[in-house]
Amino acid sequence: MNIGRKPKIVVLGMMTKMPVAGVVWQTVQYLVGFERLGCEVYYVEEHARTPSMFMETEQCDGSARAATFIDQVMRRFDLAGRWAFHALHDDGRYFGMSDTQLRELFASADFIINLHGGTIPLAEHYATGRLVYLETDPVQLQIELHDCLKETIDFVAPHCAFFTFGENLGSPDCGLPVSERFHFRPTRQPVILDFWPVADAPAEVFTSVGNWEQHWRQVQFRGETYTWSKHFEFLKFIDLPSRTSQPMELALASCSDATRELLESHGWVVRQAMDFSMDIDEYRGYVAGSRGEFTAAKDQNVRLRSGWFSDRSATYLASGRPVITQETGFSNVLPTGCGLYGFSTMEDVLNVIETINSNYEENRRAAREIARDYFNYDVVLGRLLDELGVTRPLGRAQLFPSRMIIEPISRRPIRIPEATTSAVLGQPIPAFEPLAELAGPRVSVIVVTYNQLVFTRMCLESVLAASIGHDLELIVVDNASTEATASYLRRLAERNPQVRPLFNSANSGFAAATNQGLAAATGDLLVLLNNDTIVAPGWLEGIAAHLQDLETGILGAVTNRIGNEAEIFTSYRTFGECAAFAVERAREHRGETVEIPRPAMFFLALRRDALEGIGPLDEQFEMGLFEDDDYAMRARAAGYRVVCAEDIFIHHFGEASFGELAPEGDYARLFKANRARFEAKWGVSWAPPQMRPDLAYRQLPAQIAELVRVHLPPDATVLVVSKGDTDLLQIGTRGGQHFPQLDDGTYTGYHPADSREAIQQLEKLRQQGAQYLLFPSTALWWLEHYTQFRQHLESHYELILREENTCVIFELHGARHVDVGATPNRLARCVL
């Protein structure tokens, strides 16, 4: 697949007509969604609607206030400078982009999306034949077209394509007429899942947000009147709170005192929606804090079964909140029965409430999955762009399936699901042609490979996709991989001129191969990247921004797995969720750095002048390990700062190559040898890196200490399984001891090669007086990975404490047999 320039998409919207959170979120998810799919996105308002909500008096400059509002929204979502407000309702002033810039934008746009159909087409909108109608409220337009209303036909005709939220249009059970002239294709609201994180503790109340009475837009069709105001449908279910113990709340933007009294007299909790609807974060918090949504639909959509589905309900689903909504025919296209339910009668609602509350967690999970599978931006907008025939850059969502699991199923050696391996290796090798105009300084990314083709592909192809538009040079130094990897690298280079493979006839080790790549690099900025990583869009912009600080010598990044201060808590499982997490992390921590003792070389960036000041990697560290510790020491000795970028997130599988050494014990041998070399070179005693604990982890040592105080003697000798974290040893009067440990009691710096080594270490320490073995919750994976070690513990020692979220403790003196697998609290399977 050949990749050209970024397609340019203009969205015509009307956020300033109704600057409430629901409208803003609906619009923003289109803008950000198109952007994440590799498009260049612009937002324009030319709807001629007076921004009355910004005008406290007639003398207020509503246009200027509306423009300020748009600017703030666009800046919030990293789209600064790509907007325009044309005050057609007033004096015709332009804000954001000028008249000339706007006309040039319309002329060069691949497509102009008339969102909501809320903008009357102007000549400059449809001059190129690329104006697209995207309808979010069906029914009225379809009936007016059926009635051949000239004004409506003239309004619709300039558009080249038509999309509607009426997804049931054309189905046998849909009562809406189908236009022979204008072909409407189904679509729905896109959601950005990472904008709607799933809160752990929902309230007990089902909620919804909206207006009560809106007495307009009634339509006549075939002798019947169809209403638009939702209150007609809500009144049919006004007795619901008296029929169930489930609390129900309506947050209403327009509600008279009489309406409030009516609803409250029937048991409804009524809240003023404007208390939180003017702030997008408070609105999002309201949705996330709900137990779920109960809502009615408009009579027009219910009786005519248009298939319409609420954009607000889509965000409830994304937040992991089950939705109960009046049936409009949407169940013909969306899955119902868990997480999402349609209803027609009061009995339907009562049964659904009981069903949800009897298995709430399953319904939360299903709601999120429906949002992921049916509403996620790559699903909705990817299909829309495909139907428009848009050729776009090969973005992350197209690289590999967004729902592809990247969570390992085991470690040392690392293994990922077979379906993931098949998806990666079955993907055609892509071609990313450099754009004609390239941004930023030249960047040389150096990746050392040694087999592990599936990880290598995810790494290299994510680099290429996330670096479109940049002056990139991707140097791959292959350390004598098998033919499968070598052949792939040759084909990748044939299709991508920015890829430069260097093939070694023997494995020269990480440091030597990296130096080989550095010597060949021509970039102003240099990036060392492990081949078991995945990068996200925007990563090069972050690197370039941070390295403008000439005091910074080497730059690290945060990641999901590395074993030092750069490791942060993550909860994603899929390729798409990882990308979304990285983008949101960049937005939240833009420009932030922290000093770090030694950034591990899964990712390291530096300027060319810093390389000249620090020098190449020290090749005495054999295949790898400790070269990163050494490089950080040398950087500081040269007078540079060593920092970690909080806004650059790199997914790291971890030990995809070194993990293969663990079963034979080679990892431990290499670790000991290189540690000795490092300590001899610098005259220091090496200490293991510290973790950046999350809140739960910060609380863990105190929780463990309390359990030890209650259940063990105060002077007990306790071995604590850890990665060298001394906070976990603060237990009892004697304190805990590291397991595993060196002869001097310090942490070894690595895990046992196999169960045999773990057993030998345990028995040695037991004979020296160790009385208990404690596994913190973070180390329970040992009991899955070291199978024979677990069997040894179960056969010879007693399990005296199991607190699933805190720790597991075995008593080592005595030899009682305990069949852990037969107890109700069986040791949990845990792979970290």
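Given the structure is predicted, the values throughout are model-derived calculations rather than measurements.

(A) Just the overall build of the protein chain, in detail. Looking only at helices and strands, one finds 29 helices and 31 strands in the protein chain. The C-alpha atoms of the protein chain give 30 Å as radius of gyration, which agrees with the globular expectation for 832 residues (28 Å, within 12%). By principal-axis analysis of the C-alpha atoms, the protein chain measures approximately 90 × 65 × 50 Å. Summarising the internal contacts of the protein chain: among those between residues at least 6 apart in sequence, 75% fall at separations of at least 24. As presented, the protein chain carries roughly 33100 Å² of accessible surface, and 49% of it is formed by carbon and sulfur atoms. Of the charged side chains in the protein chain, 77 are positive and 108 negative; the average position of the first set lies 3 Å away from that of the second.

(B) Expanded view of the sheet that holds strand E15 (residues 292–295). Strands sit in the order E9-E15-E16-E17 across an open sheet of four strands; the sheet is parallel. Two strands in the sheet have a free side with no partner beyond their single neighbour: strand E9 (206–207) and strand E17 (340–343). Pairing analysis gives two bridges linking E9 to E15, with the strands arranged parallel. Bridging from a neighbouring strand, Thr207 pairs with Glu293 of E15. Seen against the sheet, helix H12 (residues 311–318) touches E9, E15, strand E16 (323–326) and E17 and runs at an angle of roughly 155 degrees to E15. Contacts from helix H13 (residues 346–358) reach E9, E15, E16 and E17 within the one sheet, and its direction differs from that of E17 by about 165 degrees.

(C) Broad picture of a nonpolar patch on the surface. A cluster of nonpolar residues, Met18, Met53 and Met278, forms a patch on the protein surface that exposes about 270 Å² of accessible area. Assignment of secondary structure puts Met278 in the loop between strand E14 (269–272) and helix H10 (280–288).

(D) View of the packing of H12 against helix H14 (residues 360–375). For the pair H12 and H14, the least separation of the axes is 7 Å and the interaxial angle reads 120 degrees. Looking at the two axes, H12 sits oblique to H14. Together, Ala314, Leu317 and Ala318 of H12 and Ala367, Arg368, Ile370, Ala371 and Phe375 of H14 make up the contact between the two elements.

(E) Here's a closer look at the nonpolar core. Of all hydrophobic cores here, the largest spans 87 residues; its most connected members are Met458, Leu529, Trp539, Ile543 and Phe603. Of all the elements, helix H18 (residues 453–466) adds the most residues to this core, at nine residues. When near neighbours in sequence (up to four residues on either side) are disregarded, Ile543 contacts Leu525, Val527, Leu555, Phe603, Ala605 and Ile648. Of all hydrophobic cores here, the second largest spans 72 residues; its members include Val32, Met74, Phe276 and Tyr286.

(F) A look at the sheet that holds strand E10 (residues 209–210). Here three strands make up an open sheet; going across it, the order is E10-E13-E14 and the pairing parallel. Looking along the sheet, the strands with just one partner apiece sit at the ends: E10 and E14. Each of strand E13 (249–252) and E14 touches helix H9 (residues 257–265); the most contacted strand, E14, lies at about 145 degrees to it.

(G) Representation of the environment of Gly96. Relative to the assigned elements, Gly96 resides in strand E4 (residues 94–96). Along the primary structure Gly96 and Arg82 are separated by 14 residues, whereas in three dimensions their C-alpha atoms are 7.7 Å apart.

(H) Just H13, in detail. Here H13 is 13 residues long and its end C-alpha atoms lie 19 Å apart, about the 18 Å a rise of 1.5 Å per residue gives. Those residues of H13 that fall on the buried side of the exposure criterion are Met346, Val349, Leu350, Val352, Ile353 and Ile356. The buried residues of H13 all sit within an arc of 165 degrees when viewed along its axis, so they share a single face. For H13, the exposed residues lying more than 90 degrees away from the buried face are Glu354 and Ser358.

(I) Broad picture of the packing of helix H17 (residues 418–425) against H18. Direction vectors running N to C along H17 and H18 enclose 60 degrees, while the axes themselves pass 10 Å from each other. Viewed along their axes, H17 and H18 adopt a mutual orientation that is oblique. The two elements H17 and H18 cross, and the hand of that crossing is left-handed. Note on element contacts: H18 touches H17 through Leu453, Val454, Arg457 and Met458, opposite Thr421, Val424 and Leu425. A per-class count over the contact of H17 with H18 returns five nonpolar, one polar and one charged.

(J) View of the packing of aromatic side chains. Scanning all chains against the criterion turns up 34 aromatic pairs. Between the aromatic rings of Phe85 and Phe95, the centroid separation amounts to 6.2 Å while the plane-to-plane angle is 55 degrees, which identifies the pairing as tilted. Remark: Phe95 occurs in strand E4 and Phe85 occurs in strand E3 (residues 83–86); sequence separation between them is 10 residues. Like Phe95, Phe85 is buried. Among the aromatic residues, those joined into a cluster by ring pairs are Trp212, Phe234, Phe237, Trp268, Phe294 and Phe343. Positioned above the aromatic ring of Phe375 is the side chain of Arg188, whose terminal nitrogen or guanidinium carbon lies 5.6 Å from the ring centre.

(K) Geometry of the environment of Ala645. Along the chain, the position of Ala645 falls in strand E26 (residues 641–652). The exposure class assigned to Ala645 is buried, which follows from its relative accessible area of 0%. Considered as a pair, Ala645 and Ala705 are 60 residues apart in the sequence and their alpha carbons are 34 Å apart.

(L) Layout of the environment of Met633. The topology assignment puts Met633 in helix H24 (residues 627–637). Measuring from C-alpha to C-alpha, the distance between Met633 and Pro597 comes to 8.5 Å, with 36 residues separating the pair along the chain. Ignoring anything within four residues of it in the chain, the contact list for Met633 reads Phe678 and Trp682.

(M) The arrangement of unusual backbone geometry in detail. Cis geometry is adopted by the peptide bond preceding Pro740, which originates at Phe739 and carries an omega value of 0 degrees. Assignment of secondary structure puts Pro740 in the loop between strand E28 (736–739) and helix H27 (755–767). Even without being glycine, Asp78 reaches a positive phi, approximately 60 degrees. Among the secondary structure elements, Asp78 is positioned in the loop between helix H2 (62–76) and E3.

(N) Summary view of the pairing of strand E20 (residues 499–504). Where strand E19 (residues 470–479) meets E20, six bridges bridge the pair, whose relative direction is parallel. Bridge pairing in E20 places Asp478 opposite Phe503. Read as a crossover between parallel neighbours, the route from E19 over helix H19 (residues 483–495) to E20 is right-handed.

(O) Spatial organisation of the side chain of Thr259. As for its placement among the helices and strands, Thr259 is situated in helix H9. Among the polar contacts made by the side chain of Thr259, one reaches the side chain of Ser256 at a distance of 3.0 Å. If we skip the residues at most four places from it in the chain, Thr259 touches Trp212 and Glu213.

(P) Broad picture of the side chain of Gln761. Tracing the chain through its elements places Gln761 in helix H27. Setting aside residues no more than four positions away along its own chain, Gln761 makes contact with Phe739, Pro740 and Gln741.

(Q) A look at H19. Look at H19: 18 Å from first C-alpha to last across 13 residues, which is about the 18 Å you get at 1.5 Å a residue. When we look at burial in H19, the residues that qualify are Thr485, Ala486, Tyr488, Leu489, Leu492 and Ala493. The arc that holds every buried residue of H19, seen down its axis, measures 160 degrees, which confines them to one face. Turned more than 90 degrees away from the buried face of H19 sit Glu483 and Glu494, all of them exposed.

(R) Molecular detail of the pattern of salt bridges. In this structure the tally under the stated criterion is 44 salt bridges. Among the ionic pairs, Arg490 bridges to Glu483, the shortest N-O distance being 3.2 Å. With a relative accessible area of 37%, Arg490 lands in the partly exposed category. Judged by its relative accessible area of 51%, Glu483 falls in the exposed class. The shortest N-O distance in the salt bridge between Arg607 and Asp609 comes to 2.8 Å. Judged by relative accessible area, which is 36%, Asp609 ranks as partly exposed. Each member of the salt-bridge network shares a partner with another, and the members are Arg442, Asp471, Glu473 and Arg500.

Thresholds, definitions, all that
- Residues numbered from 1 in each chain as written.
- Predicted model: local features only at pLDDT ≥ 70, side-chain atom pairs only at ≥ 80, totals over all residues.
- Heavy atoms only, no water.
- Helix = DSSP H or I, 4+ residues; strand = E, 2+ residues; numbered from the N terminus.
- Rg over C-alpha atoms; globule rule 2.2 N^0.38 Å.
- Contact = heavy atoms within 4.5 Å.
- Areas by Shrake-Rupley, 256 points an atom, 1.4 Å probe, with all protein chains shown as cover.
- Lys, Arg positive; Asp, Glu negative; His and termini not counted.
- Charge placed at Lys NZ, Arg CZ, Asp CG, Glu CD.
- Pairing = 2+ DSSP bridges.
- Axes fitted to C-alpha atoms, helices over the stretch in contact; angles between N-to-C directions.
- Patch = residues over 30% accessible without salt bridge, like charges linked within 9 Å, V, L, I, M, F, W, Y side chains within 5 Å.
- Salt bridge = Lys/Arg side-chain N within 4 Å of Asp/Glu carboxyl O.
- Parallel < 35°, antiparallel > 145°, perpendicular 65-115°, else oblique.
- Core = buried A, V, L, I, M, F, W, Y, C linked by side-chain atoms within 4.5 Å.
- Buried < 20%, exposed > 50% of the residue type's maximum accessible area, 1.4 Å probe, protein only.
- Expected span 1.5 Å × (residues − 1).
- Arc of directions from axis to C-beta.
- Left-handed = near helix turned anticlockwise from the far one by under 90°.
- Nonpolar A, V, L, I, M, F, W, Y, C, P; charged D, E, K, R; others polar.
- Phe/Tyr/Trp six-rings, centres within 6.5 Å; stacked < 30°, edge-to-face > 60°.
- Lys NZ or Arg CZ within 6 Å of the ring centre and 35° of its normal.
- Right-handed = clockwise from strand over helix to strand, strands pointing away.
- Polar contact = N/O pair within 3.5 Å; in protein donor to acceptor, adjacent residues only side chain to side chain.

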